[in-house]
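Architecture at a glance
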Amino acid sequence: MSVDVMNSIIMLFGLIAVGYISNTAGVLDETANSRFSTFLLKVSLPATILDSAISQEAVEQAAVIRLIFTAVGVFILVPFFSKIIVSRFHLDAACELMLNYSNLGFMGFPIIASVYGEEYVFYAAVFLMVFNVHLFTVGVMTLQGGLGDEKREGEKPHFWKTLCSPGIAAALLAFVIVIVKVPIPDFAGKIAASLGAVTTPLAMVVIGSQLAQVEILQSLKNPKLYLIALFKLIIYPSAVYLILLMIMGNGMIPKIAAVLTGLPVAGNVTMLCQEYGGDVALAAQGTCVTALLSLLTVPVMLSIL
């Protein structure tokens, strides 16, 4: 691993430590976390996606199509094996969602941008689009599997609202910019770049602040979560990387797919469990445990890749 990559890793997790300390010192609280999270999801992360497309070198349509098929393939392969694991170890629907969905937005984008460069955030944006469609279709149906045929009020509005979110809109616009090669005014590019520059430090600080609010010791007592972490942080990314390496050869797509697969549980999982009757406490604890363990596994994974 190069010195630059190592410095990027240290910087990212140093920012997480800043967020943790800031929360314990009373500088940040739950309200601040919520508002910063909203800003990241609705303003900063979309700007990062657009900036990656604007600064993108010429990309062949074949490469974009290959990237889309890769993302779709990952979200077919991983849930397939998750079904087997859930059945084999008698886990519930919340565990299945934890196995399937990684923290692409808050952790994926900053890590890809810092380690591989801003131009590769577009790759992560493709995975984010597939992620959202899969989460709010297959993910919701997975949680409702134990709820009979009942439909909770607000299901459709919530689904469409998510698919029309700023992140998805920015990803679709990024596709248009890259494929059609739309000329973007210089001032618009600078605005996107300036807002996007906020994403990495703010996202890492917020993650650290959120970890400070979780009852970590209680979370660490659940052996079920270590099984999930084993597959989520080690086995899945290793399998994805090796399979794509055999199919596509060495390149950025297998590396980025593996990194995004091996991130901790997405915060969206807890939100969906709250909405559709899943085990909210277990989902929150799983997010905490995988986030903590990822402080060890992610640097190792990046050093190997």
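Our structure's up above, just so we're on the same page.
What comes next concerns the included structure.

**Observations regarding helix 5 (residues 104–115)**
With twelve of twelve residues buried, helix 5 is to be regarded as a mostly interior element. Those residues of helix 5 not exposed but buried are L104, G105, F106, M107, G108, F109, P110, I111, I112, A113, S114 and V115. One or two positions beyond helix 5, positive phi appears at G117, with a value near 115°.

**Looking at the nonpolar core**
In terms of nonpolar packing, the biggest core is built from 93 residues, with Y116, F122 and F127 touching the most fellow members. Ranked by residues supplied to this core, first place goes to helix 6 (residues 121–144) with 15 residues.

**Here's the deal with the packing of aromatic side chains**
Applying the stated criterion across every chain yields a total of six aromatic pairs. Summarising the aromatic geometry, the rings of Y101 and F131 are spaced 5.6 Å apart at their centres and angled 85° between planes, so their arrangement reads as edge-to-face. In this pair, Y101 sits in the loop between helix 4 (93–100) and helix 5 while F131 sits in helix 6, placing the two residues 30 residues apart along the sequence. In this pair, the class of Y101 matches that of F131, namely buried. Through pairs of rings, three or more aromatic residues link up here, namely F75, Y101 and F131.

**Comments concerning the packing of helix 6 against helix 12 (residues 252–261)**
Viewed as axis vectors pointing N to C, helix 6 and helix 12 meet at an angle of 55°, and their least axial separation amounts to 10 Å. In terms of their interaxial angle, helix 6 and helix 12 are classed as oblique. Helix 12 is crossed by helix 6, and the crossing has right-handed handedness. Of helix 12, the residues touching helix 6 (which contributes Y123, A124 and F127) are M252, I253, I256, A257 and L260. In the contact of helix 6 with helix 12, the residues fall into eight nonpolar, no polar and no charged.

**Focus on the layout of surface pockets**
If a probe as big as a water molecule is rolled over the atoms, it shows which places are left empty. By volume, the second largest pocket is sized at about 200 Å³. Every residue lining the second largest pocket is listed: L233, I234, P237, S238, Y241, L242, A258, T297, V300, M301, I304 and L305. Put simply, the parts of the chain that give the lining of the second largest pocket at least two residues each are helix 11 (223–248) and helix 14 (280–304). The element that contributes the greatest number of residues to the lining of the second largest pocket is helix 11, accounting for six residues. Grouping the constituent residues of the lining of the second largest pocket by class yields ten nonpolar, two polar and no charged.

The rules we used
Residues numbered from 1 in each chain as written. Predicted model: local features only at pLDDT ≥ 70, side-chain atom pairs only at ≥ 80, totals over all residues. Heavy atoms only, no water. Buried < 20%, exposed > 50% of the residue type's maximum accessible area, 1.4 Å probe, protein only. Helix = DSSP H or I, 4+ residues; strand = E, 2+ residues; numbered from the N terminus. Core = buried A, V, L, I, M, F, W, Y, C linked by side-chain atoms within 4.5 Å. Phe/Tyr/Trp six-rings, centres within 6.5 Å; stacked < 30°, edge-to-face > 60°. Axes fitted to C-alpha atoms, helices over the stretch in contact; angles between N-to-C directions. Parallel < 35°, antiparallel > 145°, perpendicular 65-115°, else oblique. Left-handed = near helix turned anticlockwise from the far one by under 90°. Contact = heavy atoms within 4.5 Å. Nonpolar A, V, L, I, M, F, W, Y, C, P; charged D, E, K, R; others polar. 1 Å grid on protein atoms, 1.4 Å probe; cavity = no way out; pocket = protein on both sides within 12 Å on 5 of 7 lines; lining within 4 Å. Points joined across faces, edges and corners; volume = space filled by probe spheres on them.

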